[in-house]
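The lines below spell out each chain.
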2 protein chains.
Amino acid sequence: MLKFSGQFLAVLLIFPGLAHAFEPFQVLPESPPIPHDNPQSDAKIALGKMLFFDRRLSVNGSLSCNSCHDLTRGGADFRSVSIGATGIAGRRSAPTLWNVAYQTVLYWDGRAASLEQALASHFTDETVMAMPSKQAVVTAIKRVAGYEDYFARSFNGQVVSYENINRALASFIRSLKTPNSAFDKYLAGNKQALSSSARRGFTTFVDSGCASCHFWVNLSGPVPGLAFEMGEGFYELFPNYPGTADESRYHLADDLGRYMITDEATDRRMWRVPVLRNIALTAPYFHNGSVATMEDAIRVMARTQLNKDFNDKQVADIAAFLQTLTGKFPDLIIPRVP
Amino acid sequence: MLKFSGQFLAVLLIFPGLAHAFEPFQVLPESPPIPHDNPQSDAKIALGKMLFFDRRLSVNGSLSCNSCHDLTRGGADFRSVSIGATGIAGRRSAPTLWNVAYQTVLYWDGRAASLEQALASHFTDETVMAMPSKQAVVTAIKRVAGYEDYFARSFNGQVVSYENINRALASFIRSLKTPNSAFDKYLAGNKQALSSSARRGFTTFVDSGCASCHFWVNLSGPVPGLAFEMGEGFYELFPNYPGTADESRYHLADDLGRYMITDEATDRRMWRVPVLRNIALTAPYFHNGSVATMEDAIRVMARTQLNKDFNDKQVADIAAFLQTLTGKFPDLIIPRVP
């Protein structure tokens, strides 16, 4: 995988060939990238929605995907780290699933190159669904007589399989988009869509360097098909300025991030830049969910990443800007699982 | 509270005054009884739906009402007994909430005389939401800025209070109705709505004595305003024939039921007769969730309550009949919690 850090935005702006196709902030595209081997269909999305809410996918029937990635709000939960089916806490905070299909890698450490891959590793994770095996997942779904038809309809007559369970879930998650945020309207030309405070916040966000990493579609860096392909992660060092009071107070440096999976020294405390769309709805913040409010998260980011101290007005303005990233959520009907 | 047991149906049929108003099975009425101090309104139902899905009502943000009373299916969960926010298992199986508003008492032991009262005792129960106090519940909701307006709109300008949280939730739960089951259509005159197997099952159900307790709107005995008022429970002894192999195998007599709260000897192993509407969707069965399938539950009931052994055909027919109690579920849009 390629690795990028630091002033990616500046690099793009310097190289005109890249810059030509590049607008640093973009309206949410209508469709995220769809893998060739898992095309979207209404049937498959509907099946994925059932599975997303079906607690039988956890070892003891206590947890569904929606337990931690709660679609009644930001697509995450209210906890610092989620608690798995058997009561074991996860290591990192559940990220939002809204618009996650526009990300090039999944997980905080970018260890999954696709949604399908990310999903496949949730089921047997003892901190999540805690299933004893992939086969146990398939068996749990096969035991429900009603599912067979839905799978056949979604996968050209194919039966229930681990791959197809994850494909259906991925298709549903790819449908989770929140377009038409105030910021999208602003980008589309309606300058009144942002309050004067939010506009000041946006200016500070760009000028002070937040946008060096938080740019493009999800304000989380490159999107698939534009500079990056799926599987190529956009990582940043966090904390970038080590030894701050925030670092010890919020335990920001305890987790070594991407290093934990690559074992490469240059990956120590490297993290996939997270999605900022709907960030106002996904407190608490950071990989360990250690910071409770958006305002504090803004202050911590300024100090640890930019070595800056924002004043209260700057913080309020940036918070007002981040509020404009809350999109329009679709009306989802609660599925009836078979 | 009044107590009834045994051949209530027979009693009603003997007294013409009561029998006049009495049809042993009834189409689901359009509206359940609504208490005078908590009238239904669209605003209140919408607020109740938000609260129902809001995990902040549990001590650690891990559990919402929907975690155990899962509306994606039967309004219960897939577990024998539910697991509370902190991992402590409850003592009894979560009952369905669909059509529960037609019940005269709530909980398996009937200890709550209204939905509001039942709800109020969930929050500080260590096996459910595990909140430290009622005040903590109010604080959790007050902390969410967005809720204040919804409460004001739902309760004539009143603020967030414990009573109003429970009123809003109760109003939402009163909206959870599943009319138009095949059995409702059959009762309304469409004799073809039941298969021949289901019709045979219905006949066996009545003739063998199941209907002595499982009659009327929810096939769970008297409904509010008709013979019983809210708070008057309809209880039966279970197991009725003690000492069966089922009793020890499924631990049916371990829990002393209503006796646990009244301390009256006549209440030993007395249980509120449970709702049979949508029973096909609410496995596992009984107060301790000890029996996995409807077929086995039918066999156990016949042996422990009626001292009868149904043959396989009778069991299949009764199961076919019980399947016809699955109603039409409304399309509920997943709320957006503030």
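How each quantity is defined
- Residues numbered from 1 in each chain as written.
- Chains lettered and ligands numbered in written order.
- Predicted model: local features only at pLDDT ≥ 70, side-chain atom pairs only at ≥ 80, totals over all residues.
- Helix = DSSP H or I, 4+ residues; strand = E, 2+ residues; numbered from the N terminus.
- Rg over C-alpha atoms; globule rule 2.2 N^0.38 Å.
- Contact = placed C-beta atoms within 7 Å.
- Nonpolar A, V, L, I, M, F, W, Y, C, P; charged D, E, K, R; others polar.
- Domains from an automatic or database assignment.
- Expected span 1.5 Å × (residues − 1).
- Buried ≥ 20, exposed ≤ 12 C-beta atoms within 10 Å, placed from the backbone.
- Least-squares fit on C-alpha atoms with pLDDT ≥ 70 in both.
- Axes fitted to C-alpha atoms, helices over the stretch in contact; angles between N-to-C directions.
- Parallel < 35°, antiparallel > 145°, perpendicular 65-115°, else oblique.
- Left-handed = near helix turned anticlockwise from the far one by under 90°.
- pLDDT = per-residue confidence, 0-100.

Undergrad: So what exactly am I meant to see when it comes to the overall build of chain A here?
TA: In terms of helices and strands, chain A carries 14 helices and four strands. Over its C-alpha trace chain A gives a radius of gyration of 20 Å, about what one expects of a compact globule, namely 20 Å for 338 residues. Here the contacts in chain A between residues at least 6 apart in sequence split such that 69% fall between residues at least 24 apart.

Undergrad: Looking at this model, I keep getting lost on the interface of chain B and chain A. Mind explaining?
TA: When the parts of a complex come together, some accessible area is lost, and that lost area is often taken as the interface size. The partner chain A presents 24 residues to the 24 residues of chain B that form the contact. Across the side of chain B that touches chain A, the residue classes tally to ten nonpolar, six polar and eight charged.

Undergrad: Looking at this model, I keep getting lost on the domain arrangement of chain A. Mind explaining?
TA: All names here are of chain A. With domains assigned, chain A is organised as domain 1 (8–30 + 178–323) and domain 2 (42–174). Relative to domain 2, the C-alpha centre of domain 1 lies at a distance of 26 Å. In this complex, domain 1 contributes 35 residues to the contact, which on the side of domain 2 involves 24 residues. Mapped onto the side of domain 1 that touches domain 2, the elements with two or more residues apiece are strand 1 (223–224), helix 12 (259–262) and strand 4 (270–272). Class assignment for the residues of the side of domain 1 that touches domain 2 results in 17 nonpolar, twelve polar and six charged.

Undergrad: I tried to follow helix 8 (residues 162–174) of chain A on my own but got confused; where do I start?
TA: Three or four residues apart is the spacing at which side chains of an α-helix point the same way, because the helix has 3.6 residues per turn. Residues and elements named next belong to chain A. Between its first and last C-alpha, helix 8 extends 18 Å over 13 residues, near the 18 Å set by a 1.5 Å rise per residue. For helix 8, the tally of buried residues reaches eleven of 13 residues, placing the bulk of the element in the interior. When helix 8 is considered as a whole, its buried residues turn out to be Asn-164, Ile-165, Asn-166, Arg-167, Ala-168, Leu-169, Ala-170, Ser-171, Phe-172, Ile-173 and Arg-174. Those residues of helix 8 that are buried lie in contact with helix 3 (42–52), helix 4 (65–68), helix 5 (115–120), helix 6 (134–142) and helix 7 (147–154).

Undergrad: Looking at this structure, I do not really get the relation of the copies chain B and chain A. What am I missing?
TA: Between the two copies of this chain, the relationship is a rotation about some axis together with a displacement along it. In the superposition of chain B on chain A (RMSD 0.0 Å, axial shift 0.0 Å), the rotation amounts to 180°. Such a combination of turn and shift is consistent with a two-fold rotation axis. Among all residues of chain B, the minimum C-alpha distance to the rotation axis is found for Ile-333 of chain B, at 2.1 Å. Residue by residue, 100% of the interface of chain B is reproduced at the interface of chain A, so both copies engage with the same surface.

Undergrad: Whenever I open this one, the packing of helix 13 (residues 294–306) of chain B against helix 14 (residues 312–323) of chain B confuses me. Can you help?
TA: Pairs of packed helices are described in terms of their axes, by the angle between the two and the distance that separates them. Residue and element names in this part refer to chain B. At a closest axis distance of 9 Å, the pairing of helix 13 and helix 14 adopts a crossing angle of 115°. In terms of orientation, helix 13 and helix 14 fall into the roughly perpendicular class. With respect to the hand of their crossing, helix 13 and helix 14 are arranged in right-handed fashion. Within the contact between the two elements, helix 13 uses Met-294, Glu-295, Ile-298 and Arg-299 and helix 14 uses Val-315, Ile-318, Ala-319 and Leu-322. Residues belonging to the contact of helix 13 with helix 14 are distributed by class as follows: six nonpolar, no polar and two charged.

Undergrad: Whenever I open this one, unusual backbone geometry confuses me. Can you help?
TA: Among all residues except glycine, the phi angle is most often negative; among peptide bonds, the trans geometry is most common. With an omega dihedral of 0°, the bond running from Phe-238 of chain B to Pro-239 of chain B counts as a cis peptide bond. Summarising the element assignment, Pro-239 of chain B is placed in the loop between strand 3 (235–237) and helix 11 (245–249). Pro-284 of chain B follows Ala-283 of chain B through a cis peptide bond whose omega is -5°. Among the secondary structure elements, Pro-284 of chain B is positioned in the loop between strand 4 (270–272) and helix 13. Of note in this structure, Arg-269 of chain A is not a glycine but carries a positive phi near 60°.

Undergrad: Hey, could you run me through the confidence of the model for chain A in this one?
TA: A low pLDDT score tells you not to read the predicted coordinates there in detail. All names here are of chain A. Residues of chain A with pLDDT of at least 70 account for 93%, and the chain-wide mean is 92. Within the model, pLDDT remains below 50 along residues 1–6, and this stretch shows ten contacts once partners closer than five positions in the same chain are excluded. Per-residue pLDDT stays below 50 along residues 13–21; that stretch engages in five contacts with residues further than four places along the chain or on separate chains.

Undergrad: What is the right way to look at the environment of Arg-299 of chain B in this model?
TA: Residue and element names in this part refer to chain B. Here Arg-299 shows up in helix 13. Put simply, Arg-299 and Ser-196 are 103 residues apart on the chain and 21 Å apart in space, counted from C-alpha to C-alpha. With residues up to four places along the chain from it excluded, the contact list for Arg-299 reads Phe-310 and Val-315.

Undergrad: Explain the environment of Tyr-107 of chain A here, please?
TA: With respect to the element layout, Tyr-107 of chain A can be found in the loop between helix 4 and helix 5. Apart from residues no more than four positions distant in its own chain, Tyr-107 of chain A is found in contact with Ala-112 and Ala-118 of chain A.

Undergrad: Whenever I open this one, the environment of Met-294 of chain B confuses me. Can you help?
TA: For Met-294 of chain B, the location among the structural elements is in helix 13. The contact partners of Met-294 of chain B, leaving out residues within four places of it in the chain, are Ile-279, Ala-280, Ala-283, Ala-319 and Leu-322 of chain B.

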